[in-house]
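Listed below are the residues making up each chain.
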Amino acid sequence: MKSPSLVSISAVTLLVSCAGPPAQMSPDWTTSVPSQWRGASGTADYANTGWLRSFQDPELETLVGEAMANNPDLQASAARLDQAAADAQRAGATLYPQVDLVGNGSRNKSISRAGSFTGGAGGFDDFDNFIINRTNSLGVSLDVTWEVDIWGRVRKGQSAAIADTQAAAADFAAARLSLAGQVAKAWFAAAEQYLQFKLAEETRDSFSRTAEIVRSRFERGLESATDVHLAQSSAADAKASYQSAQQNFNQSVRALEILLGRYPSKELQVAQDLRAVPPSIPAGLPSDLLKRRPDLQAAERRLAASDQRVGEARAAFLPRVALTASGGTSSDALRDLVDPKHFVWNFLINLTQPLIDGGSRQADLSRAKAVVREAGAQYQSTALTAFREVEDALDAESLLQTRESALLEASEQARMAYERSESEYQQGLIGITTVLDAQRRYLDTRRTYLTVKRIRLDNRIDLHLALGGDFTDTTTLQPTSESLSSL
């Protein structure tokens with residue numbers, strides 16, 4: 001393949017076009033990224049279809065839809081997205097005046113004595129009478145508080161919260177993509193375990209027949225007792241393998257049911273064969289397909305959020321201006337509360353300038369800057385991991401295909417050797433150990449072939465997960481309102 005040209009791509013600006021405003025404090029990191037994947041090969045003739053549809057398995061697509069609606073882990077991710085959206089709404093609330101309607105009322109009673117005081121050694125004489133005083137106080141007011149965001153502290157906090165919400169949305173998209181991949185892998189794993197179970201059943205029956213043949217020949221004096229023991233040992237081992245295969249199959253079905261949000265009853269009907277791997281990967285896949293990866297989008301949004309919080313921490317050094325006002329009526333009679341003559345109001349401007357705080361605001365600023373550096377390093381790590389995952393999947397594609405073909409050939413040859421050994425054994429041309437060895441060789445190669453065939457399907461899923469979708473769709477994987485409402 002022709003050596004690809006190299007372009008210098010900034011780790012921070014890679015997702016600018018799909019993730020909103022970039023962070024102002026980008027990490028100082030660049031790397032040479034191939035314009036297309038080194039491991040890509042094949043034809044450029046491919047259809048613009050979804051990656052799930054490429055497996056041509058409608059039942060799999062139905063199961064993925066069921067998992068999207070019922071998987072509890074995905075529902076938890078959706079709830080975290082709602083929490084982040086609420087935090088963003090709360091962060092921006094202080095940009096607007098806060099208005100409270102306040103009503104109050106009280107009634108007081110006091111008693112005093114009126115009369116003559118005669119004096120004398122004993123104190124007071126009797127008072128002539130009592131005076132009872134009753135007072136009412138009624139009021140209603142509107143209290144308004146508003147911080148004037150002169151330096152943009154509140155707006156930067158709101159921008160950071162919005163970026164956090166965008167990161168949570170990307171996390172939710174990543175959870176959906178990951179769940180689709182897990183369901184697909186579990187579906188194919190269950191199909192493989194079914195085939196392994198049927199192969200173990202076939203092997204159990206085959207070794208049992210061989211043991212019966214050996215016993216029959218021994219009774220006729222044609223075999224030794226050692227051969228009988230070897231054959232019976234192989235038959236018992238095959239029976240144990242059958243039980244193990246059945247257990248593995250049952251567990252794989254229950255694992256799939258859990259992903260679907262079902263009770264793990266092992267009642268789900270799974271495929272009884274493994275699908276063929278979809279057509280070859282198109283040549284010249286552009287590396288900017290990674291823009292769709294939700295984890296990269298989330299990392300970039302967290303970097304942007306941390307950058308905004310640096311500005312918020314800086315603004316904390318500057319004066320805060322708060323406006324407060326209240327207006328209403330106050331009277332001792334309920335009927336007078338609507339009388340304009342009783343209207344009262346006040347208006348205050350509060351200016352707060354931080355002076356000495358023991359270095360707490362400076363510590364907040366230093367911490368915010370450190371968070372930016374951490375977010376930048378995490379973005380760099382996520383980007384490099386994404387490139388590695390794609391290159392690994394592309395590299396494994398051709399290697400696994402060659403390995404599967406070789407194992408299929410080995411399995412067929414082992415099957416023919418086993419069938420021929422049975423015939424030659426009955427003719428007395430070879431011993432039982434050769435037959436048993438041929439049986440085991442066929443079993444081992446067939447098992448490995450089925451596993452590699454499933455691994456090839458898993459690898460294709462991993463490639464789609466690494467690319468964030470199929471081979472052509474460059475749209476971002478943000479959740480829609482319809483998908484959120486379905487949860």
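Each residue is numbered by its place in its chain's sequence as written, counting from 1. Given that this is a predicted model, residues contribute local features only at a pLDDT of at least 70 and side-chain atom pairs are listed and counted only at 80 or more, while totals for whole chains, interfaces and linings are drawn from all residues. As a rule here, side-chain values cover all heavy atoms of the structure and leave hydrogens and water aside.

What follows deals with the overall build of the protein chain. When you go through the protein chain residue by residue, the secondary structure sums to 9 helices and 6 strands. Relative to its full complement of 487 residues, the protein chain shows a buried share of 39%. All accessible areas in this document rest on Shrake-Rupley with a 1.4 Å probe, and a residue is counted as covered only by the protein chains that are shown. Only carbon and sulfur atoms are counted for the fraction: they give 52% of the accessible area of the protein chain, which is about 26,600 Å². Helix and strand definitions follow DSSP, with helices as H or I runs of at least four residues and strands as E runs of at least two, each counted in order from the N terminus. A simple rule labels every residue: compare its accessible area, found with a 1.4 Å probe on the protein chains alone, to the largest value its type can have, and call it buried under 20%, exposed over 50%, or partly exposed in between.

Considering the arrangement of structural elements, one finds Ser-306 in helix H6 (residues 294-315). For Ser-306, the contacting residues outside a window of four places in its chain are Ala-368, Val-371, Val-372 and Ala-375. By definition in these notes, contact holds between two residues if any of their heavy atoms fall within 4.5 Å.

With that out of the way, let us pick up the pattern of salt bridges. Whenever a carboxyl oxygen of Asp or Glu lies within 4 Å of a side-chain nitrogen of Lys or Arg, that contact is scored as a salt bridge. All chains considered together, the criterion is met by 21 salt bridges. A salt bridge links Arg-309 to Asp-164; the nearest nitrogen and oxygen atoms lie 2.6 Å apart. Highlighted residues: Arg-309 in helix H6 and Asp-164 in helix H4 (residues 153-219), separated in sequence by 145 residues. A relative accessible area of 32% means that Arg-309 is categorised as partly exposed.

The set of buried Ala, Val, Leu, Ile, Met, Phe, Trp, Tyr and Cys residues whose side-chain atoms join them within 4.5 Å is what this entry labels a nonpolar core. Residues Leu-60, Val-183, Trp-187, Phe-188 and Leu-256 are the most contacted members of the largest nonpolar core, which totals 53 residues. Counting residues per element, the ones that place at least two in this core are helix H2 (58-70), helix H3 (72-91), H4, helix H5 (225-259), helix H7 (360-426) and helix H8 (432-467). Here this core takes 18 residues from H4, the largest share from any one element. With sequence-adjacent residues up to four places away left out, Val-183 is seen in contact with Leu-60, Leu-63, Val-64, Ala-67, Leu-256, Leu-259 and Leu-260. Counting 17 residues, the second-largest nonpolar core is a separate cluster that includes Leu-290, Tyr-379, Ala-466 and Leu-467.

Turning to the environment of Ala-225, a few remarks are in order. Along the chain, the position of Ala-225 falls in helix H5. Taking the C-alpha atoms as reference, Ala-225 lies 8.6 Å from Arg-215; in sequence the two are 10 residues apart.

For the rest of this paragraph, the subject is the packing of aromatic side chains. Aromatic rings from Phe, Tyr and Trp, taking only the six-membered ring of Trp, are treated as a pair when their centres fall within 6.5 Å; an angle between ring planes under 30 degrees marks them as stacked, one over 60 as edge-to-face, and anything in between as tilted. On inspection of all chains with the given rule, the structure shows 6 aromatic pairs. For a lysine, the NZ atom is tested; for an arginine, the CZ atom; a charge sits over a ring if that atom is within 6 Å of the ring centre and within 35 degrees of the ring normal. The lysine or arginine in question, Arg-204, covers the ring of Tyr-242, its NZ or CZ lying 4.2 Å from the ring centre. Cation over ring: Arg-217 sits above Tyr-425, and NZ or CZ is 4.8 Å from the ring centre.

Before going further, it helps to examine the packing of H7 against H8. Inter-axis angles, ranging from 0 to 180 degrees, are taken between N-to-C directions of lines fitted to C-alpha atoms, where helices are fitted over the stretch in contact. Relative to each other, H7 and H8 sit at 160°, their axes nearing to 7 Å. Relative to H8, the element H7 lies roughly antiparallel. The two elements H7 and H8 meet at a crossing, and its hand is left-handed. For the contact of H7 with H8, the per-class residue count stands at 22 nonpolar, 7 polar and 12 charged. Any angle between 65 and 115 degrees counts as roughly perpendicular, while under 35 counts as roughly parallel, over 145 as roughly antiparallel, and the rest as oblique. The handedness criterion is simple: a crossing whose near helix is rotated anticlockwise from the far helix by less than a right angle is left-handed, and one whose near helix is rotated clockwise is right-handed. Only Asp, Glu, Lys and Arg are considered charged, only Ala, Val, Leu, Ile, Met, Phe, Trp, Tyr, Cys and Pro nonpolar, and every remaining residue, Gly among them, polar.

Here we come to the environment of Pro-282. The topology assignment puts Pro-282 in the loop between H5 and H6. Taking the C-alpha atoms as reference, Pro-282 lies 7.6 Å from Phe-471; in sequence the two are 189 residues apart.

With that out of the way, let us pick up unusual backbone geometry. One non-glycine residue, Gln-56, lies in positive phi territory at about 50°. Counting through the fold element by element, Gln-56 comes out in the loop between strand E2 (30-34) and H2. We classify Gln-56 as exposed; its relative accessible area is 60%. Look at Lys-266: it is not a glycine, yet its phi comes out positive at around 60°. Note on placement: Lys-266 falls in the loop between H5 and H6.

By the secondary structure assignment, Ser-411 is in helix H7. For Ser-411, a relative accessible area of 1% puts it in the buried group. Once you skip the residues sitting within four places of it in the chain, Ser-411 turns out to touch Tyr-442, Thr-445 and Arg-446.

What follows covers the packing of H5 against H8. Relative to each other, H5 and H8 sit at 15°, their axes nearing to 10 Å. The angle between H5 and H8 places the two elements in the roughly parallel class. The two elements H5 and H8 meet at a crossing, and its hand is left-handed. Residues Asp-227, Leu-230, Ala-231, Ser-234 and Ser-241 of H5 touch H8, and the partners they reach there are Ile-432, Thr-433, Leu-436, Arg-440 and Arg-447. Across the contact of H5 with H8, the residue classes tally to 4 nonpolar, 3 polar and 3 charged.

Take the environment of Thr-165 next. The residue Thr-165 is located in helix H4 in this model. Residue classification places Thr-165 among the buried residues on the basis of a relative accessible area of 15%. Thr-165 sits 140 residues away from Ala-305 along the chain, and the two C-alpha atoms are 9.5 Å apart. Sequence-distant contacts of Thr-165, that is, excluding residues within four places in its chain, are made with Leu-81, Ala-84, Ala-85 and Ala-88.

This part covers the confidence of the model for the protein chain. Confidence of the predictor at the level of single residues is captured by pLDDT, which takes values from 0 to 100. Confidence in the prediction of the protein chain, expressed as mean pLDDT, is 76, and 66% of residues score 70 or more. Low pLDDT, under 50, characterises residues 476-487; the predicted model gives this stretch 25 contacts beyond four residues in sequence or across chains.

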